[in-house]
Amino acid sequence: MFMTQRSFHLAGVPVYIETNGYLVRSLAPSDVSDTFLQWMNSEDMMEGLNLPPINFSAQQLADYIAQFDNHRNFFLGIVDKSNNALIGFYTIDINLNHKVGHITTGIGEKNYSGKAVLWATIDALLDHFYLYRDLHKMSARILAKNRRMLFCFVKNPRFKLEGVLKEECLAPTGERVDILIFASLRSK
């Protein structure tokens, strides 16, 4: 497999990005806390991710985080630098052959809902993956009913709506749900 020098050099290296009062960094199993566990297991988080209740134990969440290799997949925490609180996350799955990534994200801390945290962090995140991880494209698949997340992508100048997949997935309730696909391309 052909890899550029810079992406090979960073294979497995944790992400650490400071931007707009936030830190976006690779999570480690030691980052599991009662608060993190609580919002990862919350009904709101699971509904936004279109998942049935998972009810992670602390050890299960730590084991899940340990699976991310900082090469093909990333579990990144969003930390408020003013109080060092972990408030949300990005997961990124990368297809190295095609140089594309898929983003999933969530804000777990209720006090940060509506505070445009993703708007404050997404530009630096995209720039990092385009420049240092040699990606060409990043996409996000958003549930049409996830209005909070849609707000983060609909008017974001770095993302464009690529398509709508009608009744693409089945919600835990049995309802068919549309998926909206947003994508960002690396600048030439």
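No experiment lies behind these values; they were computed from the predicted model shown.

Caption draft 1: Molecular detail of the overall build of the chain. Helices and strands together make up the secondary structure of the chain, namely 6 helices and 8 strands. Reading the chain from its N end, one meets helices and strands in the order α-β-β-α-α-α-β-β-β-α-β-α-β-β. Radius of gyration (C-alpha) of the chain: 16 Å, near the 16 Å computed for a compact globule of 188 residues. The dimensions of the chain, computed from C-alpha atoms along their principal axes, are 45 × 40 × 30 Å. Every one of the 188 residues in the chain was classed for burial, and the buried ones make up 46%. For the chain, restricting intrachain contacts to residue pairs at least 6 apart in sequence, the fraction spanning at least 24 positions comes to 62%. Accessible surface, the chain as shown: approximately 10,200 Å² in total, 52% of it carbon and sulfur. Mean positive and mean negative side-chain charge positions of the chain (20 and 19 charges, respectively) differ by 8 Å.

Caption draft 2: Just the pattern of salt bridges, in detail. This structure, assessed with the given rule, holds 11 salt bridges. Among the salt bridges present, the one from Lys81 reaches Glu18, with a minimum N-O distance of 2.5 Å. A residue pair is termed long-range when its members are at least 10 positions apart, and Lys81 in the loop between strand S3 (73-80) and strand S4 (85-95) and Glu18 in strand S1 (residues 16-19) qualify at 63 residues. Overall, the relative accessible area of 44% leaves Lys81 in the partly exposed class. Residue Glu18 is classed as partly exposed on the basis of its relative accessible area, which comes to 47%. Taking the shortest distance from any N to any O, the salt bridge between Lys110 and Asp44 comes out at 2.4 Å. In this pair, Lys110 sits in the loop between strand S5 (100-107) and helix H5 (117-131) while Asp44 sits in helix H3 (residues 43-48), placing the two residues 66 residues apart along the sequence.

Caption draft 3: Molecular detail of the side chain of Ser184. Within the element layout of this structure, Ser184 appears in strand S8 (residues 176-185). At a separation of 3.0 Å, a polar atom in the side chain of Ser184 contacts the main-chain carbonyl oxygen of Arg158. Once residues lying within four places of it in the same chain are set aside, the contact partners of Ser184 are Leu126, Tyr130, His136, Lys137, Met138, Arg158 and Phe159.

Caption draft 4: Summary view of the UniProt feature "domain: N-acetyltransferase" (unreviewed entry) in the chain. Residues annotated by UniProt as "domain: N-acetyltransferase" (unreviewed entry) correspond here to residues 24-149. For residues 24-149, the end-to-end C-alpha separation is 18 Å, with 32% helix and 29% strand making up the annotated structure.

Caption draft 5: Highlighting the environment of Val100. For Val100, the position within the fold is in strand S5. Classification of Val100 by relative accessible area gives partly exposed; the value is 28%. Measuring from C-alpha to C-alpha, the distance between Val100 and Leu185 comes to 9.3 Å, with 85 residues separating the pair along the chain. Among residues more than four places away in sequence, those in contact with Val100 are Asp93, Ile94, Asn95, Leu135 and Lys137.

Caption draft 6: Highlighting the nonpolar core. If you look at the biggest cluster of nonpolar residues, it comprises 34 residues, and the most contacted ones within it are Leu76, Tyr90, Ile92, Leu125 and Phe129. Counting residues per element, the ones that place at least two in this core are strand S2 (22-26), S3, S4, H5, strand S6 (137-143), helix H6 (147-154) and S8. Among the elements that line this core, the one with the most residues is H5, at 9 residues.

Caption draft 7: Geometry of the side chain of Asn73. Looking at the secondary structure, you find Asn73 in strand S3. For Asn73, the side chain forms a polar contact with the main-chain nitrogen of Asp69, separated by 2.8 Å. What Asn73 contacts, discounting residues up to four positions off in sequence, is Gln67, Phe68, Ile92 and Asp93.

Scoring rules and cut-offs
- Residues numbered from 1 in each chain as written.
- Predicted model: local features only at pLDDT ≥ 70, side-chain atom pairs only at ≥ 80, totals over all residues.
- Heavy atoms only, no water.
- Helix = DSSP H or I, 4+ residues; strand = E, 2+ residues; numbered from the N terminus.
- Rg over C-alpha atoms; globule rule 2.2 N^0.38 Å.
- Buried < 20%, exposed > 50% of the residue type's maximum accessible area, 1.4 Å probe, protein only.
- Contact = heavy atoms within 4.5 Å.
- Areas by Shrake-Rupley, 256 points an atom, 1.4 Å probe, with all protein chains shown as cover.
- Lys, Arg positive; Asp, Glu negative; His and termini not counted.
- Charge placed at Lys NZ, Arg CZ, Asp CG, Glu CD.
- Salt bridge = Lys/Arg side-chain N within 4 Å of Asp/Glu carboxyl O.
- Polar contact = N/O pair within 3.5 Å; in protein donor to acceptor, adjacent residues only side chain to side chain.
- UniProt positions renumbered as here; feature names shortened; annotations may be inferred.
- Core = buried A, V, L, I, M, F, W, Y, C linked by side-chain atoms within 4.5 Å.

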